[in-house]
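The chain contents come next:
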Amino acid sequence: MRQADQVRAFMFEGLGIRGRLVRMDQTWREIIARHDYSDDVRTLLAEAATAGVLLADNLKGRGSLHLQLQGDGEVHMVLVQCNAGLNVRAVARGEVNAARGVPTELLGGGRMMVTVDPGGGADRYQGIVPLAGETLADCFEDYFRDSQQTLTRLWLGGIGGSAVGLMLQRMPDAEIDEEQWRTLGMLADTVRLSELAELPAGELLRRLFVEYDIRLFDARPVGYDCRCTRAHLANVVRLLGEGEVTDILREQGRLELTCEFCNKAFRFQPDEVDAVFARRDADDTLH
Ligand SMILES: [Zn+2]
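Owing to the predicted nature of the structure, the values given are computational and were not obtained by experimental measurement. (Residues numbered from 1 in each chain as written. Predicted model: local features only at pLDDT ≥ 70, side-chain atom pairs only at ≥ 80, totals over all residues.)

A. Region of interest: the overall build of the protein chain. The secondary structure content of the protein chain amounts to 9 helices and 13 strands. Each principal axis of the C-alpha atoms in the protein chain carries an extent, and together these give about 70 × 45 × 40 Å. In the protein chain, which comprises 287 residues, the proportion classed as buried is 34%. When contacts within the protein chain are restricted to residue pairs at least 6 apart in sequence, long-range pairs at least 24 apart make up 63% of them. (Helix = DSSP H or I, 4+ residues; strand = E, 2+ residues; numbered from the N terminus. Buried ≥ 20, exposed ≤ 12 C-beta atoms within 10 Å, placed from the backbone. Contact = placed C-beta atoms within 7 Å.)

Set out below in C-alpha cells:
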C-alpha cells in the first residue's frame, strides 16, 4: 500500500547514523494548486518544501520553521513554513513560469535563511548560508555543517504528483566510522525519485541498505495548512494603514487581498475596513 504524506525516521543500529524519509502527495498538490509554475520551478519548490519538512521534524510543541531562499535570478524568493505538527505551506515568487534546465539556476546567486522558532517562549535562531551549491541539497548540507555542526546528506526532488526526500545524518557526539558513512552515502546515491515516491519505507530501506540493520520509527503525517484566515488578513489591512486603504476604497469601492501562499482572495467592504481600524483604535485605548 502507498504511504502518502508522511515522514519516517530511521536509524542504523549501532552506527550513530540516522535518517528520514519524506513523501508528500496530496500536500504537494495543494502547495502547487492555483500557481502557474514551470516544471523547473516545481522541482525547486519540491526540493525546498521537502527539506523544510525534514528540518521541521525535529521541532516540538508550538515550534515552527521558516525557510527562505533569496536569489537574484528569475525566481527571487522561495518561502517554506512548517510547524512542529508538520503542517506545511510553500510558495515561489518571481518569474515562476521560467525554465532553466537546472532548477537552482533560477535563483541565481543569493542566500538561504533558516529560522527556527522553538516555541514555548525560547529564542529564535537563524542560520544563513550562501546559495553556493550546485543543488539545493548541497546548500542544505552546507547549512547543517555550518549552523548545526552536523554532517548530513540529502536527496530531494519532485516527480509526477509527489515531492520526496531522503536525509542521512550523523548523530551528534556519536563515534562514526568514516568508511561506513561514505558507504551509506554511496548506497543512497543510487536511490531513484520514483522509488522514493512509490515504495513503502521499509521496502525502500531494505533495498537501498540491504546489509544493514535498520530501526524504522512510526510514520508522522504531513499535511497542508495555509493558516491564512480573515483575522490574519485583517492584520495586513492594518499594516497597509488607513490612508492607503482609504485611497484604494475610493478608487475600487472595495479592498481585495490575496494570500500569497494559496492565492485565496479576501474581500473587505468599506464597512468591514472601518471595523478593522475601529478595533485598532479600541485596542489602543485599552492598552
Ligand atoms: Zn493562504
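The structure having been displayed, the exposition proceeds.
B. Layout of the nonpolar core. Counting 65 residues, the largest nonpolar core has Ala48, Ala49 and Val53 as its most contacted members. Here the element with the most residues in this core is helix α2 (residues 39–56); it accounts for 11 residues. Not counting residues up to four positions away in its chain, the partners in contact with Ala48 are Leu67, Leu69, Val78, Val80, Ala90 and Leu136. Leu233, Phe268, Val273 and Val276 belong to the second-largest nonpolar core, a separate cluster that totals 8 residues. (Core = buried A, V, L, I, M, F, W, Y, C linked by C-beta atoms within 7 Å.)

C. Examining unusual backbone geometry more closely. Unlike most non-glycine residues, Asp5 shows phi in positive territory, near 50°. Locating Asp5 in the fold gives a position in the segment before β1 (6–12). With a phi angle near 65°, Arg34 is a residue other than glycine that sits in the positive phi range. Its place among the elements puts Arg34 in the loop between α1 (26–32) and α2.

D. Inspection of helix α8 (residues 242–252) at higher detail. With 1 of its 11 residues buried, α8 lies for the most part at the surface. Residue Gly253 follows α8 closely and has a positive phi angle near 85°.

E. Structural detail: helix α3 (residues 136–147). In this model, α3 (12 residues) spans 16 Å end to end at C-alpha, consistent with the 16 Å of a helix rising 1.5 Å per residue. Taken residue by residue, α3 has Leu136, Ala137, Cys139, Phe140, Tyr143 and Phe144 as its buried positions. Buried residues of α3, viewed axially, fall in a sector of 160°; they line one side. In the segment just after α3, Gln149 is the residue with positive phi, at about 50°. (Expected span 1.5 Å × (residues − 1). Arc of directions from axis to C-beta.)

F. Representation of the sheet that holds strand β7 (residues 125–130). Judged by pairing direction, the sheet is mixed, and its 6 strands sit side by side in the order β7-β6-β3-β4-β5-β11 without closing on themselves. Both edges of this open sheet fall to β7 and β11 (223–224), since each of them pairs with a single strand only. Of the strand pairs in this sheet, strand β5 (residues 87–94) and β11 are connected by 2 bridges, and their pairing is parallel. Looking across to β11, one finds that Val88 is bridged to Tyr224. α3 contacts β6 (110–117) and β7 of the sheet and is inclined by roughly 130° relative to β7. (Pairing = 2+ DSSP bridges. Axes fitted to C-alpha atoms, helices over the stretch in contact; angles between N-to-C directions.)

G. Summary view of the domain arrangement of the protein chain. Partitioning the protein chain into structural domains gives domain 1 (6–224) and domain 2 (230–286). Just the C-alpha atoms count here: the centres of domain 1 and domain 2 sit 36 Å apart. Between domain 1 and domain 2, the contact holds 4 residues from the first and 4 residues from the second. (Domains from an automatic or database assignment.)

H. Molecular detail of the environment of Gly121. In this structure, Gly121 sits in the loop between β6 and β7. Look at Gly121 and you get exposed, because 6 C-beta atoms sit within 10 Å. Residues Gly121 and Gly63, spaced 58 residues apart in sequence, show a C-alpha to C-alpha distance of 9.6 Å.

I. Representation of the pairing of strand β3 (residues 64–71). Covered by surrounding structure in β3 are Leu65, Leu67, Leu69 and Gly71 only, the residues Ser64, His66, Gln68 and Gln70 on the alternate face being uncovered. Here β3 pairs with strand β4 (residues 75–83) via 7 bridges, running antiparallel. Looking across to β4, one finds that Gln70 is bridged to Met77. When β3 meets β6, the two strands line up antiparallel, connected through 8 bridges. Bridging across to β6, Leu69 finds its partner in Met112.

J. Quick look at the sheet that holds β1. One open sheet holds the 5 strands; their spatial order is β8-β9-β2-β1-β10, and the pairing between them is antiparallel. Edge strands, defined here as strands with exactly one partner in the open sheet, are β8 (152–159) and β10 (214–221). On average, each strand axis in the sheet is tilted by 10° relative to the strand beside it, whichever way the strands run. Helix-sheet contacts for α2 involve β1, β2 (17–24), β8 and β9 (162–170), and the interaxial angle to β8 is about 135°.

K. Up close: the packing of α2 against α3. Look at α2 against α3: their axes get within 10 Å of each other, and the N-to-C directions meet at 30°. Taken together, α2 and α3 sit at an angle that is classed as roughly parallel. Between α2 and α3 the crossing geometry is right-handed. Each of Leu44, Glu47, Ala48 and Ala51 in α2 lies in contact with α3, whose residues at this interface are Leu136, Ala137 and Phe140. Among the residues forming the contact of α2 with α3, the class breakdown is 6 nonpolar, no polar and 1 charged. (Parallel < 35°, antiparallel > 145°, perpendicular 65-115°, else oblique. Left-handed = near helix turned anticlockwise from the far one by under 90°. Nonpolar A, V, L, I, M, F, W, Y, C, P; charged D, E, K, R; others polar.)

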